[in-house]
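Structural overview
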Amino acid sequence: MRGRLWLNLGLALLVVALAAVAWFQPGKTPPPPQVKLTTLDPQAVKRIDFHPPRGAAFALVRDGKDWFIDSPRLRAQPFRVETLLELPGAASAAQFTLADNKDNGFGVDPPQARLRFDDTEIAFGLTNPVGLRRYVRVGDAVHLIEDRFFHHAASTWVAWVDRRVLPEGVTLTALELPGLRLRREGTAWQIDPQRPQASADAIATLIEEWQRAYAMDVEETTAVPADARALRLEWQGGTLDLALAQDGDEWLLYRRDAPVRYRFSANQGKRLLEIEQPAPDTAQPPGATEPAASDEPDGEAAESSAAPPASPPTAAP
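By convention here, each chain's residues receive numbers from 1 onward along its written sequence. Where local features are concerned, this predicted model is filtered to residues with pLDDT of at least 70; where side-chain atom pairs are given and counted, the filter is 80 or more; whole-chain, interface and lining totals use all residues. Hydrogens and water are ignored here; the side-chain numbers use all heavy atoms of the structure.

**Describing the nonpolar core**
To be explicit about the condition: Throughout, nonpolar core names a set of buried Ala, Val, Leu, Ile, Met, Phe, Trp, Tyr and Cys residues whose side chains join them through atoms within 4.5 Å. Remark: exposure states derive from per-residue accessible area (1.4 Å probe, protein chains only) relative to the maximum for the residue type, with buried under 20%, exposed over 50%, and partly exposed in between. Counting from the N terminus, the helices are the DSSP runs of H or I reaching at least four residues and the strands are the DSSP runs of E reaching at least two. Contacts: residue pairs with any heavy atoms within 4.5 Å of one another.
Counting 64 residues, the largest nonpolar core has Leu87, Trp210 and Leu233 as the members making the most contacts within it. Element by element, the count of residues in this core is highest for helix 4 (residues 200–211), at five residues. Leave out the neighbours within four places in its chain, and tryptophan 210 touches Leu166, Leu172, Leu175, Leu177, Leu231, Leu233, Leu242, Leu253, Leu272 and Leu273.

Below is the structure:
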């Protein structure tokens, strides 16, 4: 019995030793540390300048925890900015010198697009067909990195506009739609003109739709249609004036303070422009009552309803 115990203990120690050898791999040279594109701290970057292949140069600037397009000053898409801030710390799969750039084979002189993170410029070259990585130049060095940043660097300013109509966390205090005005007074909403059938839940749903409104797309435009209808959103410390127009089944919201418009689907427009009505079977006109139940058997009621109407009285000669 004791011999079996010692045998099991020995086997257990052997398994531990083999696992340690597999883990630490003694005698094997450890891999070199991963080379990164730059040593920039993305959280310290305050400005990103864009020089796309088409369109004018522009910049994104940090304001507290938010990012804005510098001109026109509009909120930038948070998730897209976070993705782009991964570029300075991207892993470099291979490194070259400018002397290796024979006949501009890397495509970095001149570059396809340029980004500047504060004072550090990253220039984009061509893609390498092996591994589908892209050449980028930082200073006098050329690197090969994953090709997942170029489309951001090559985009125009309007592609960076936040698709949310309102800033995150805003609580509306007033809403003016075509033919309808709502204003919060205390904890209740006042409607003009009155809508007796509009429930508090339906009004709250409409307000919530606006507070989280997210467009299908944002487009650059310099003209508001003459027949566009006015909208106005108000919140504590801010207002937003818009103009509403229809494009087929879709709805367009034009900003009065910037050359952009938001595009919404027909379903989105319905939710943003209408107060949800109660179902027909639950709504009755004021003062309406249920019809009195008939005491007649079903057969008699059916026969009575099927009887022809009485003939009108004959006019006296």
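Anyway, onward from the coordinates.
**Looking at the sheet that holds strand 14 (residues 229–235)**
Here is the rule: At least two bridges found by DSSP between two strands are what make those strands a pair. Note on geometry: axes are C-alpha line fits, over the in-contact stretch for helices, and angles between N-to-C directions span 0 to 180 degrees.
Pairing is antiparallel in the open sheet, where eight strands are placed in the order 12-11-10-14-15-16-17-13. Looking at the sheet topology across the chains shown, the edges are occupied by strand 12 (188–192) and strand 13 (217–220). In this sheet, adjacent strand axes meet at a mean angle of 25° when their direction is disregarded. Along the sheet, helix 4 makes contact with strand 10 (172–177), strand 11 (180–185), strand 12, strand 14, strand 15 (238–247) and strand 16 (250–255), crossing strand 10 at roughly 95°.

**Describing the packing of aromatic side chains**
Basically, it comes down to this: For this analysis, a ring pair means two rings from Phe, Tyr or Trp (six-membered ring only for Trp) whose centres lie within 6.5 Å, classed as stacked if their planes differ by under 30 degrees, edge-to-face if by over 60, and tilted for the remaining angles. A positively charged side chain is recorded as over a ring if its NZ (Lys) or CZ (Arg) lies within 6 Å of the ring centre. The angle to the ring normal must also be within 35 degrees.
Counted by the stated rule, this structure contains six aromatic pairs. Centre to centre, the rings of phenylalanine 50 and phenylalanine 58 are 4.5 Å apart; their planes meet at 10°, and the pair counts as stacked. Exposure remark for phenylalanine 50: the relative accessible area of 0% places this residue in the buried category. Put simply, the rings of Phe50, Phe58 and Trp160 pair up and form one aromatic cluster. The cationic tip of arginine 73 hangs over the ring face of phenylalanine 68; the distance from NZ or CZ to the ring centre is 4.2 Å. Over the aromatic face of phenylalanine 150 sits the side chain of arginine 134, whose NZ or CZ is 4.0 Å from the ring centroid.

**Considerations on unusual backbone geometry**
Leave glycine aside and you will find that most residues have negative phi; peptide bonds, for their part, are mostly trans. Note that the residue after serine 71, namely proline 72, is joined by a cis bond; omega there is 0°. Looking at the secondary structure, you find proline 72 in the loop between strand 3 (66–69) and strand 4 (74–75). Looking along the chain, the bond that leaves aspartate 192 and enters proline 193 is cis, with omega of 0°. Mapped onto the elements of the fold, proline 193 is located in the loop between strand 12 and helix 4. Positive phi values are uncommon outside glycine, yet aspartate 103 reaches one of about 55°. Relative to the assigned elements, aspartate 103 resides in the loop between strand 5 (94–97) and strand 6 (113–117). One non-glycine residue, leucine 132, adopts positive backbone phi at about 50°. Positionally, leucine 132 belongs in the loop between strand 7 (120–128) and strand 8 (133–138). By relative accessible area, leucine 132 is classed as exposed at 60%.

**A closer look at the sheet that holds strand 9 (residues 141–146)**
Pairing in this open sheet of nine strands is antiparallel, and the strands run 4-3-2-1-6-7-8-9-5 from one edge to the other. Sheet topology places strand 4 and strand 5 at the edges, where each strand pairs with a single neighbour. Where strand 8 meets strand 9, six bridges bridge the pair, whose relative direction is antiparallel. For valine 138, the partnering residue across the bridge sits in strand 9 and is alanine 141.

**Things to note about the layout of surface pockets**
Applicable threshold: Cavities and pockets are defined on a 1 Å grid built over the protein atoms alone: a cavity is a set of grid points where a 1.4 Å probe fits but cannot escape, while a pocket is an open set with protein on both sides within 12 Å along at least five of seven lines, and lining residues are those with an atom within 4 Å of any such point. Grid points are joined across faces, edges and corners, and a volume is the space filled by probe spheres set on the points. Polar here means any residue other than Ala, Val, Leu, Ile, Met, Phe, Trp, Tyr, Cys and Pro, which are nonpolar, and Asp, Glu, Lys and Arg, which are charged; Gly is therefore polar.
The computed volume of the largest pocket comes to approximately 350 Å³. As for the largest pocket, its lining consists of 19 residues, and the residues nearest its centre are Lys65, Asp66, Trp67, Pro78 and Glu82. Listing elements by their share of the lining of the largest pocket, those giving two or more residues are strand 3 and helix 2 (78–84). Tallied by class, the residues present in the lining of the largest pocket amount to eight nonpolar, two polar and nine charged.

**A few points about the environment of alanine 57**
Positionally, alanine 57 belongs in the loop between strand 1 (47–51) and strand 2 (58–63). Sequence separation between alanine 57 and arginine 114 is 57 residues; the distance between their C-alpha atoms is 9.8 Å. Not counting residues within four places of it along the chain, the set of residues in contact with alanine 57 comprises Phe50, His51 and Pro52.

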